[in-house]
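One letter stands for each residue in the lines below.
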Protein chains: 2
Amino acid sequence: MQRIIWAVVLAFAIAMVLGPVFIPWLKKLKFGQTIYDLGPQSHKVKQGTPTMGGIIFAVPMIAVPLILAVGGLRSPYLPIALISTVGFGLVGFVDDYIKVSKKRSLGLTPMQKIVPQVVISAGLAVWAYLSVGSKLIVPFTSAEWDLGVFYIPVMMFILVGTVNSANLLDGVDGLLSGCSLIDFATMVIVCLALPAMKSLNSAEYLDMAVFCGAAAGAVLGFLRFNTHPASVFMGDVGSFTIGGALVAVAMVTRTSLLLPIIALAMFVSSLSDIIQVGYFKYTKKKTGAGKRVFRMAPLHHHFELGGMPETRIVWMYMAVTALLCLVTLTMFI
Amino acid sequence: MQRIIWAVVLAFAIAMVLGPVFIPWLKKLKFGQTIYDLGPQSHKVKQGTPTMGGIIFAVPMIAVPLILAVGGLRSPYLPIALISTVGFGLVGFVDDYIKVSKKRSLGLTPMQKIVPQVVISAGLAVWAYLSVGSKLIVPFTSAEWDLGVFYIPVMMFILVGTVNSANLLDGVDGLLSGCSLIDFATMVIVCLALPAMKSLNSAEYLDMAVFCGAAAGAVLGFLRFNTHPASVFMGDVGSFTIGGALVAVAMVTRTSLLLPIIALAMFVSSLSDIIQVGYFKYTKKKTGAGKRVFRMAPLHHHFELGGMPETRIVWMYMAVTALLCLVTLTMFI
């Protein structure tokens, strides 16, 4: 139990040290975000804020569980989580790197992004199928749903979907980092409570709890630099790392079906994007003029253009996330 | 366990409903904060933001534990916590009311404030002495320190000190509400873990955990209106309510000596004020010209005048509070 708390503290400390080291370096290398042309106009002032800050939390997220696992890696699940974090994180890193070095707001082409994601997802889904099994916990019941071999394609969809949803949620200072902080903290409790509930090996899940604790501490440290007014953005390397870590924890704890609840913020980001584009195309085809449901998608930009301050949007998303996580935890405690 | 989570959700919901009801009403009654003349210049823009918003969280903090205790109040400690919350809150309310109705930035005179505080503290300290006993847990040990009858004056000092420290911490949007949110969440865990540790009645402390959960939920809801840019200030009614609730929980869980750690933010606010005033008087006497240690006291104004954005100050205080609370929890779990 105490090991989890030290994981939080250590990851936080590393992020705090890396921030002042990395940020001036990213600035010097001109790794400033080239603000997405389709974002809100008010974001133009953010031009020049360095991106790729996700490295600040990616390093402790990966290093701390390894450091604290010294003396014996007891969990077969920790490698899955680490590979997922690093794998998706690397796709984001390459994307960011291209954006920055070519000074354009689009890095990899959609195809170049999706293919490695699908490959990583396939590997992880098969690995989880073989080591975790094919059951998923059904929300708010004690039942489990055995998908059999369909577990693999379903999990691939969840993996790719979550990682890209995390990416979409990263659009306001401190939004993704704040929401994921709460998600990781929640998953600490899930990892601690799950073994007793499902008669699993608690030592294996303790390692996962340490992983989640480290992720929470790392993201909390990163928020030092990312709360409004942000002095660094996490970039795709950050959002993909968070998405990869979170979905991997959900996968090995069999709680993937809880993701739309505890990570509702990510879920609605994707959903609002899909609705916006779908409705626009539909109305354009029907009437000739495309109509929009939201002022701008993903949803947080809709609120922003409605005049809500960024800090208020972050509060709203974090508060809703916290309450949904608490309600979800009633399943476990 | 689940009762605590529902307390959080219910208190949050009540605060969310009260906000839009109270804030326009406070504005209409011209309960705008008359900004303290000695505060930072930049705060002048906040003139007109309504104060006394503390009522928004005070109501659910008091109502929710009572609602959820229906069917039998099992804890002799809950009345202590409620009386402390209401008692100190009322002193703050009167202070605010005078400020607002007389349109001046000082309400009650220092003596008019301190006398009722001392009276309430004396009553609570005696009550706790008789029902909780005279022992205090020594930080980071399993030892308890039996103060005997000296418990009463020591506890009175802690009560008055904490309530006024909470009042001092309330100077930046979302600062006291954010820090106390973490403190109340921490005290939920303390209330749950303490009985097993000290062989106490867990049902009695479960009621206290519900109280802390309600306080956390209420403050989280209030943050909707109080995060930067704040649409309402909590006022003295808010800061005294928070201080009274927190110190009462510490008192009945015998963890008063942990307050300088988990509520370090409050502690340093008082300490920096004392240092500032003391050093000024000392240097004035010695050299004829008073010198200052901080740009402005309490400490958060020092950071603010140093150019740190309000949101960053709140992050810093909340992050330090969260880490100190986690480290403190290693004593209990």
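Residues numbered from 1 in each chain as written. Chains lettered and ligands numbered in written order. Predicted model: local features only at pLDDT ≥ 70, side-chain atom pairs only at ≥ 80, totals over all residues. Heavy atoms only, no water.

Caption draft 1: Here's a closer look at the overall build of chain A. From N to C terminus, chain A includes 12 helices and two strands. The N-to-C order of helical and strand elements in chain A reads α-α-α-α-β-β-α-α-α-α-α-α-α-α. Taken against the 2.2 N^0.38 rule, which gives 20 Å for 333 residues, the C-alpha radius of gyration of chain A at 19 Å falls within 12% of a compact globule. By principal-axis analysis of the C-alpha atoms, chain A measures approximately 55 × 50 × 35 Å. The buried share of chain A, reckoned over its 333 residues, is 57%. Put simply, 76% of the contacts in chain A that link residues at least 6 apart link residues at least 24 apart. Counting only carbon and sulfur atoms, one obtains 70% of the accessible surface of chain A, whose full area is about 13,100 Å². (Helix = DSSP H or I, 4+ residues; strand = E, 2+ residues; numbered from the N terminus. Rg over C-alpha atoms; globule rule 2.2 N^0.38 Å. Buried < 20%, exposed > 50% of the residue type's maximum accessible area, 1.4 Å probe, protein only. Contact = heavy atoms within 4.5 Å. Areas by Shrake-Rupley, 256 points an atom, 1.4 Å probe, with all protein chains shown as cover.)

Caption draft 2: Main features of the pattern of salt bridges. Inspection of the entire model under this criterion finds 14 salt bridges over all chains. Between aspartate 95 of chain B and lysine 99 of chain B there is a salt bridge, with its nearest N and O atoms 3.7 Å apart. Taken as a pair, aspartate 95 of chain B and lysine 99 of chain B lie in helix 3 (residues 78-102) at a separation of four residues, close to a single helical turn. Exposure class is identical for aspartate 95 of chain B and lysine 99 of chain B. Each is buried. A network of salt bridges, in which partner residues are shared, links Asp95, Lys99, Lys113 and Asp236 of chain A. (Salt bridge = Lys/Arg side-chain N within 4 Å of Asp/Glu carboxyl O.)

Caption draft 3: Geometry of the nonpolar core. Formed by 213 residues in total, the largest nonpolar core has its most connected members in Met208 of chain A together with Met208 of chain B. Not counting chain neighbours up to four residues away, the residues in contact with methionine 208 of chain B comprise Ser75, Tyr77, Leu78, Ala81, Cys191, Val249 and Val252 of chain B. (Core = buried A, V, L, I, M, F, W, Y, C linked by side-chain atoms within 4.5 Å.)

Caption draft 4: Up close: the interface of chain A and chain B. The interface of chain A with chain B comprises 30 residues on the first partner and 30 residues on the second. Around 2,700 Å² of area is buried between chain A and chain B when both sides are counted, 76% of it from carbon and sulfur atoms. Three residues stand out in chain A for area buried against chain B, namely Ile5, Arg312 and Trp315 of chain A, and they jointly supply 26% of the buried area on that side. The tally of links from chain A across to chain B stands at zero salt bridges. (Buried area = accessible area lost by both parts, 1.4 Å probe.)

Caption draft 5: Representation of the relation of the copies chain A and chain B. When chain A is brought onto chain B, the operation consists of a screw motion whose angular component is 180 degrees and whose axial shift is 0.0 Å, with 0.0 Å RMSD remaining. Taken together, the rotation and translation describe the operation of a two-fold axis. Residues of chain A ranked by C-alpha distance from the rotation axis are headed by threonine 311 of chain A, positioned 4.1 Å from it. Here 100% of the interface residues in chain A have copies in chain B that are interface residues too; the copies meet face to matching face. (Least-squares fit on C-alpha atoms with pLDDT ≥ 70 in both.)

Caption draft 6: Structural detail: the packing of helix 12 (residues 310-329) of chain A against helix 1 (residues 2-28) of chain B. The contact between helix 12 of chain A and helix 1 of chain B brings their axes to 9 Å, and the two run at 150 degrees. Between helix 12 of chain A and helix 1 of chain B, the crossing angle belongs to the class labelled roughly antiparallel. Where helix 12 of chain A crosses over helix 1 of chain B, the two elements pack in a sense that is left-handed. Touching Trp315, Ala319, Leu323, Leu326, Val327 and Leu329 of chain A of helix 12 of chain A are Ile5, Trp6, Val8, Val9, Phe12 and Met16 of chain B, all from helix 1 of chain B. Of the residues assigned to the contact of helix 12 of chain A with helix 1 of chain B, the class counts are 12 nonpolar, no polar and no charged. (Axes fitted to C-alpha atoms, helices over the stretch in contact; angles between N-to-C directions. Parallel < 35°, antiparallel > 145°, perpendicular 65-115°, else oblique. Left-handed = near helix turned anticlockwise from the far one by under 90°. Nonpolar A, V, L, I, M, F, W, Y, C, P; charged D, E, K, R; others polar.)

Caption draft 7: How the structure looks around a nonpolar patch on the surface. Where nonpolar side chains cluster on the molecular surface, the patch consists of Phe267, Leu271, Ile275, Tyr279, Tyr282 and Val293 of chain A and spans about 530 Å² of accessible area. For phenylalanine 267 of chain A, the position within the fold is in helix 10 (residues 264-287). (Patch = residues over 30% accessible without salt bridge, like charges linked within 9 Å, V, L, I, M, F, W, Y side chains within 5 Å.)

Caption draft 8: Region of the structure containing the confidence of the model for chain A. Considering every residue of chain A, the mean pLDDT works out to 91; 94% of them sit at 70 or more. Reported confidence for the predicted complex is 0.85 by ipTM and 0.90 by pTM. (pLDDT = per-residue confidence, 0-100.)

Caption draft 9: Structural detail: helix 7 (residues 202-226) of chain A. Residue and element names in this part refer to chain A. In this model helix 7 runs 35 Å from its N-terminal to its C-terminal C-alpha over 25 residues, within 8% of the 36 Å that 1.5 Å per residue would give. Extensive coverage of helix 7 is indicated by the burial of 22 of its 25 residues. Between the side-chain oxygen of the N-cap and the backbone nitrogen of alanine 203 there are 2.9 Å, and the N-cap of helix 7 in question is asparagine 201. (Expected span 1.5 Å × (residues − 1). Polar contact = N/O pair within 3.5 Å; in protein donor to acceptor, adjacent residues only side chain to side chain.)

Caption draft 10: Quick look at the packing of aromatic side chains. Under the definition given, this model contains 14 aromatic pairs over all chains. Where phenylalanine 12 of chain A meets tryptophan 315 of chain B, the ring centres are 6.2 Å apart and the plane angle is 20 degrees; that geometry is what we call stacked. With phenylalanine 12 of chain A in helix 1 (residues 2-28) and tryptophan 315 of chain B in helix 12 (residues 310-329), the pair connects residues from two separate chains. For the residue pair phenylalanine 12 of chain A and tryptophan 315 of chain B, the accessibility class agrees, reading buried in each case. (Phe/Tyr/Trp six-rings, centres within 6.5 Å; stacked < 30°, edge-to-face > 60°.)

Caption draft 11: Spotlight on unusual backbone geometry. The amide bond that connects alanine 297 of chain A to the next residue, proline 298 of chain A, takes the cis arrangement and shows omega of -5 degrees. With respect to the element layout, proline 298 of chain A can be found in the loop between helix 10 and helix 11 (299-305). Here the amide bond leading from histidine 228 of chain B into proline 229 of chain B is cis, since omega sits at -5 degrees, within 30 degrees of zero. Considering the arrangement of structural elements, one finds proline 229 of chain B in the loop between helix 7 (202-226) and helix 8 (235-252). The backbone of methionine 52 of chain B sits at a positive phi, close to 70 degrees, despite the residue not being glycine. By the secondary structure assignment, methionine 52 of chain B is in the loop between helix 1 and helix 2 (54-68). According to the relative accessible area criterion, methionine 52 of chain B is buried, its value standing at 1%. Its identity as a non-glycine residue notwithstanding, arginine 254 of chain B has a phi of 65 degrees, on the positive side. Relative to the helices and strands, arginine 254 of chain B is located in the loop between helix 8 and helix 9 (259-262). In this structure arginine 254 of chain B comes out as buried when scored by relative accessible area, which is 12%.

Caption draft 12: Quick peek at the environment of methionine 155 of chain A. Residues and elements named next belong to chain A. With respect to the helices and strands, methionine 155 occurs in helix 5 (residues 151-169). Residue methionine 155 is classed as buried on the basis of its relative accessible area, which comes to 0%. In this structure, the C-alpha to C-alpha distance between methionine 155 and alanine 125, residues 30 residues apart in sequence, is 5.8 Å. The residues touching methionine 155, leaving out its near neighbours within four places in the chain, are Ala125, Leu136, Met251 and Ser256.

Caption draft 13: A look at the side chain of aspartate 236 of chain A. Residue and element names in this part refer to chain A. Along the chain, aspartate 236 turns up in helix 8 (residues 235-252). Looking at aspartate 236, its side chain comes within polar contact range of the side chain of lysine 99, at 3.4 Å. Of the polar contacts made by the side chain of aspartate 236, one reaches the side chain of asparagine 167; its length is 2.8 Å. If near-sequence neighbours (up to four positions away) are discounted, aspartate 236 is found in contact with Gly92, Asp95, Asp96, Lys99, Lys113, Asn167 and Thr241.

Caption draft 14: Structural detail: the environment of isoleucine 56 of chain A. All names here are of chain A. Take isoleucine 56: it is sitting in helix 2 (residues 55-68). A relative accessible area of 0% places isoleucine 56 in the buried class. Measuring from C-alpha to C-alpha, the distance between isoleucine 56 and valine 118 comes to 26 Å, with 62 residues separating the pair along the chain. Once residues within four sequence positions are removed from consideration, isoleucine 56 is found in contact with Ala15, Leu18, Gly19, Phe22, Ile23, Phe222, Phe225 and Val232.

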